[in-house]
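Observations on the model geometry
Chain by chain, the residues run as shown.
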Amino acid sequence: MAPPKKSKKAKRESKKCKSMSVVPIEPRATESDWWDSFWQKNTQIPGSAVPTDEAEGFKHFFRVSKQTFDYICSLVRQDLVSRPPSGLINIEGRLLSVEKQVAIALRRLASGESQVSVGAAFGVGQSTVSQVTWRFIEALEERAKHHLRWPDSNRMEEIKSKFETLYGLPNCCGAIDATHIIMTLPAVQTSDDWCDQESNYSMFLQGVVDDEMRFLDIVTGWPGGMTVSRLLKCTGFYRNCEAGDRLNGNIRILSEGVKIREYIVGGTNYPLLPWLITPCDHNDISSSMSGFKKNHDSARLLAVRAFSQLKGTWRILSKVMWRPDKRKLPSIILVCCLLHNIIVDSKDKLQPDVALSSHHDPGYGEQCCKQVDPSGETMRENLAKHLQQSKEKDSSN
C-alpha cells in the first residue's frame, strides 16, 4: 500500500522547515564591507607606514593589486564555497565571503604575523585564520599550477634571447639558487639532517628563474642540513637534465664554429656541469675568464634577487616558523612561489621596500663545490672566449 499523500499545508510547513535549515549566504552586496572596515581599522595606528592612497594601501597589506586579488579569488572561489563553511564566521556571526577568506590568507603569508594578530586585524579568531589559510593554500596549490611550469620551446627562445642581450650569454636558459626556510622544531623531531651549517633547523627551497625572475622550476621539502650540491642531485630537475630530457633544446653554433648547448648559471656552491655553468673561483684567472665572471655574476643575481623578493613579499618565509608541520610546509612554500609568479605574470609593481634589503640567506656563507665536469669546463672556456671576442669586435666598430 502506498504511503498517504501529504496535505498542501503539510508540504508548505515541510518546505518552510527545509528553507530554515539552509546555511545563510552573505549577500553579494555586503562582500566589499570587509575592506572598508579593515582599511579604517588598520590605518588609524599612530606612526603607521601604510600609504594614504587606498590602492597602494591595498598592495601594502596584500602585496597584489585589487585586479590581481580578484583574479586570485576567481581561481579558488569554487573550492572555498564548495566546502563546509562551519566555523568560518566573524565576530558578528556572519559567514566569511571568499574575498575576506583570501584576504586573511594573503595577509598571513605577506606579514608573517601570528594568527592571533592577523585575526585581530580582521575581527576573527586564531582558529579561523588557521583554517582559512590552509584551505586557501590547498586550493591555490591545485588551481594555480599553470603559473609555475617549464617553458615551451617558443618561450624558451625568448628567455635565451634576453639573457644574451642583457648578459652576453648565448643559449642561457635561466639562473639557479637555493635558500633556507628557518624553523623551530619540537625536541622529538630534531635531528642532524634538519640542522644546517649555521646551526638552525631549516628546510631548503631551490629555484630556477628566467629573465623576469619568474620561477620556472622549484623543489622544496629537503632538510637544510644537506649541501646545495647534494640538494641538486636529489631533484627531478637534475635527473631530467642528466637524462637529456631538460635543457635539451636547440644547440647554438657560435661564429667560431663552437657548439653551445642549453644551460643555466649558478653559484660556486653548485657543481660545474655541461648544463650548469658556475664561475671560476681561482685567483689567477685570464682576462677573458675575468670578463666572463662579471657577466655570469650579473645573470646569476637574477636568482638571488628573485629569492630576496619572494621572502620579502611573503614574509612568512623570512621569519622563523614556530614548529611547522613539515608535511605541510612544502605546500606553504610552493603557494608563495605561485603567488610570486602570479605577480610577475600580472605585471604588478611591488612597492620598493618590499624585497629584503639584505641577502635572502643572511649569515649563510656560500659553500664551494669542487666537482668539475670536463665538458662543463670546456663549455665555460668557450663562453668566456666568445664573450671576449664579442667585446673586442664591438670596440673595434
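The residue numbers shown here count from 1 along each chain, following its written sequence. Only residues with pLDDT of at least 70 get local features here, since the model is predicted, and only at 80 or more are side-chain atom pairs given and counted; chain-wide, interface and lining totals rely on the full set of residues. Side-chain metrics rest on all non-hydrogen atoms present in the structure, leaving aside hydrogens and water.

Numbering of helices and strands runs from the N terminus; a helix is a DSSP stretch of H or I covering at least four residues, while a strand is a stretch of E covering at least two. Looking only at helices and strands, the chain has 13 helices and eight strands in total. Counting every position in the chain, which comprises 397 residues, the buried fraction comes to 49%. We call two residues in contact whenever any of their non-hydrogen atoms come within 4.5 Å of each other. Across the chain, the fraction of contacts at a sequence separation of at least 24, relative to all contacts at a separation of at least 6, is 71%. Roughly 20100 Å² of accessible area belongs to the chain as shown, and the carbon and sulfur atoms make up 50% of that amount. With a 1.4 Å probe rolled over the protein chains alone, any residue whose accessible area is under 20% of its type maximum counts as buried; one over 50% counts as exposed, and the rest are partly exposed. Only the protein chains shown count as cover for residues, and all accessible areas are computed by the Shrake-Rupley method using a 1.4 Å probe.

Residues other than glycine seldom take positive phi values, yet Met-213 does so here, at roughly 65°. Mapping Met-213 onto the fold places it in the loop between strand S2 (201-209) and strand S3 (215-223). Residues other than glycine seldom take positive phi values, yet Arg-323 does so here, at roughly 45°. In this fold, Arg-323 is placed in the loop between strand S8 (321-322) and helix H12 (329-346).

Moving on: the side chain of Ser-65. With respect to the helices and strands, Ser-65 occurs in the loop between helix H3 (54-62) and helix H4 (66-82). Ignoring anything within four residues of it in the chain, the contact list for Ser-65 reads Phe-58, Lys-59 and Asp-348.

Another aspect to go through is the pattern of salt bridges. By definition, a salt bridge exists where a carboxyl oxygen of Asp or Glu is found within 4 Å of a side-chain nitrogen of Lys or Arg. Counted by the stated rule, this structure contains 20 salt bridges. The shortest N-O distance in the salt bridge between Arg-327 and Asp-325 comes to 3.2 Å.

Attention now goes to the packing of helix H5 (residues 98-111) against helix H6 (residues 115-122). Under this scheme, a helix contributes an axis fitted over its contacting stretch, all axes are lines through C-alpha atoms, and angles between N-to-C directions fall in the 0 to 180 degree range. Two elements in contact, H5 and H6, have axes separated by 10 Å at closest approach and are oriented at 140°. What the angle tells us is that H5 and H6 run oblique. The hand of the H5/H6 crossing is right-handed. Only Gln-115, Val-118 and Phe-122 of H6 make contact with H5, whose side of the interface consists of Lys-100, Ala-103, Ile-104, Arg-107, Arg-108 and Ser-111. For this classification, the nonpolar set comprises Ala, Val, Leu, Ile, Met, Phe, Trp, Tyr, Cys and Pro, the charged set comprises Asp, Glu, Lys and Arg, and every other residue, Gly included, is treated as polar. Its residues placed into classes, the contact of H5 with H6 shows four nonpolar, two polar and three charged. Roughly parallel here means an angle under 35 degrees, roughly antiparallel means over 145, roughly perpendicular means 65 to 115, and every remaining angle is called oblique. Throughout, a crossing is termed right-handed when the near helix is turned clockwise from the far one, and left-handed when it is turned anticlockwise from it by less than a right angle.

In a helix, the anticipated span is given by 1.5 Å times the number of residues less one. With 15 residues, helix H8 (residues 153-167) extends 21 Å from end C-alpha to end C-alpha; this agrees with the ideal 21 Å at 1.5 Å per step. Three or more residues of H8 are buried, namely Met-156, Ile-159, Lys-160, Phe-163 and Tyr-167. For H8, the angular spread of buried residues about the axis comes to 95°, placing them on one side. The outward face of H8, more than 90 degrees from its buried face, is lined by the exposed residues Asn-154 and Thr-165. Against the buried residues of H8 lie strand S1 (172-184), S3, helix H11 (287-313) and helix H13 (374-396). Remark: Gly-168 follows H8 within two positions and exhibits a positive phi of approximately 70°. This arc is built from the directions going out from the helix axis to the C-beta atoms.

Inspection of the secondary structure assignment puts Asp-79 in helix H4. With sequence-adjacent residues up to four places away left out, Asp-79 is seen in contact with Ala-139 and Arg-143.

So, about the nonpolar core. What is meant by a nonpolar core is a set of buried Ala, Val, Leu, Ile, Met, Phe, Trp, Tyr and Cys residues, joined one to another through side-chain atoms within 4.5 Å. Formed by 106 residues in total, the largest nonpolar core has its most connected members in Phe-62, Val-102, Leu-109, Phe-122, Phe-136 and Trp-275. With 10 residues, H12 is the largest single contributor of residues to this core. Once you skip the residues sitting within four places of it in the chain, Val-102 turns out to touch Phe-69, Ile-72, Cys-73, Val-76, Leu-80 and Phe-136.

Turning our attention to the layout of surface pockets. Cavities and pockets are found on a 1 Å grid laid over the protein atoms alone: a cavity is a set of points where a 1.4 Å probe fits but cannot escape, a pocket is an open set with protein on both sides within 12 Å along at least five of seven lines, and a lining residue has an atom within 4 Å of such a point. Grid points are joined across faces, edges and corners, and a volume is the space filled by probe spheres set on the points. Space inside the largest pocket adds up to approximately 520 Å³. Taken together, 18 residues line the largest pocket, and the ones lying closest to its centre are Arg-108, Gln-115, Pro-324, Asp-325 and Ile-332. Elements supplying a minimum of two residues to the lining of the largest pocket: helix H7 (126-143), S8 and H12. Here the lining of the largest pocket takes four residues from H7, the largest share from any one element.

This part is about the packing of aromatic side chains. Between rings of Phe, Tyr and Trp, where Trp is taken as its six-membered ring, a pair exists when centres lie within 6.5 Å; planes separated by under 30 degrees are stacked, by over 60 edge-to-face, and by other angles tilted. Tallied over the full model, the rule gives 22 aromatic pairs. Ring centres of Trp-34 and Phe-62 lie 5.7 Å apart, and the angle between their planes is 70°; this geometry places the pair in the edge-to-face category. One end of the pair, Trp-34, is in helix H2 (residues 33-42); the other, Phe-62, is in helix H3, with 28 residues separating them in the sequence. The exposure class assigned to Trp-34 is buried, which follows from its relative accessible area of 8%. One aromatic cluster is present, built from ring pairs that chain together Trp-34, Trp-35, Phe-38, Trp-39, Phe-58, Phe-61, Phe-62, Phe-69 and Phe-122. Positioned above the aromatic ring of Trp-194 is the side chain of Lys-326, whose terminal nitrogen or guanidinium carbon lies 5.3 Å from the ring centre. Any Lys NZ or Arg CZ found within 6 Å of a ring centre and within 35 degrees of that ring's normal is scored as a charge over the ring. Against the face of Trp-134 rests Lys-328, its NZ or CZ located 4.7 Å from the ring centre.

With their axes 9 Å apart at the nearest point, H4 and H7 run at an angle of 115° to one another. The orientation of H4 relative to H7 falls into the category roughly perpendicular. The interaxial crossing formed by H4 with H7 has right-handed handedness. Of the residues in H7, those in contact with Ile-72, Leu-75, Val-76, Gln-78, Asp-79 and Leu-80 of H4 are Arg-135, Phe-136, Ala-139, Leu-140 and Arg-143. When grouped by side-chain class, the residues that make up the contact of H4 with H7 number seven nonpolar, one polar and three charged.

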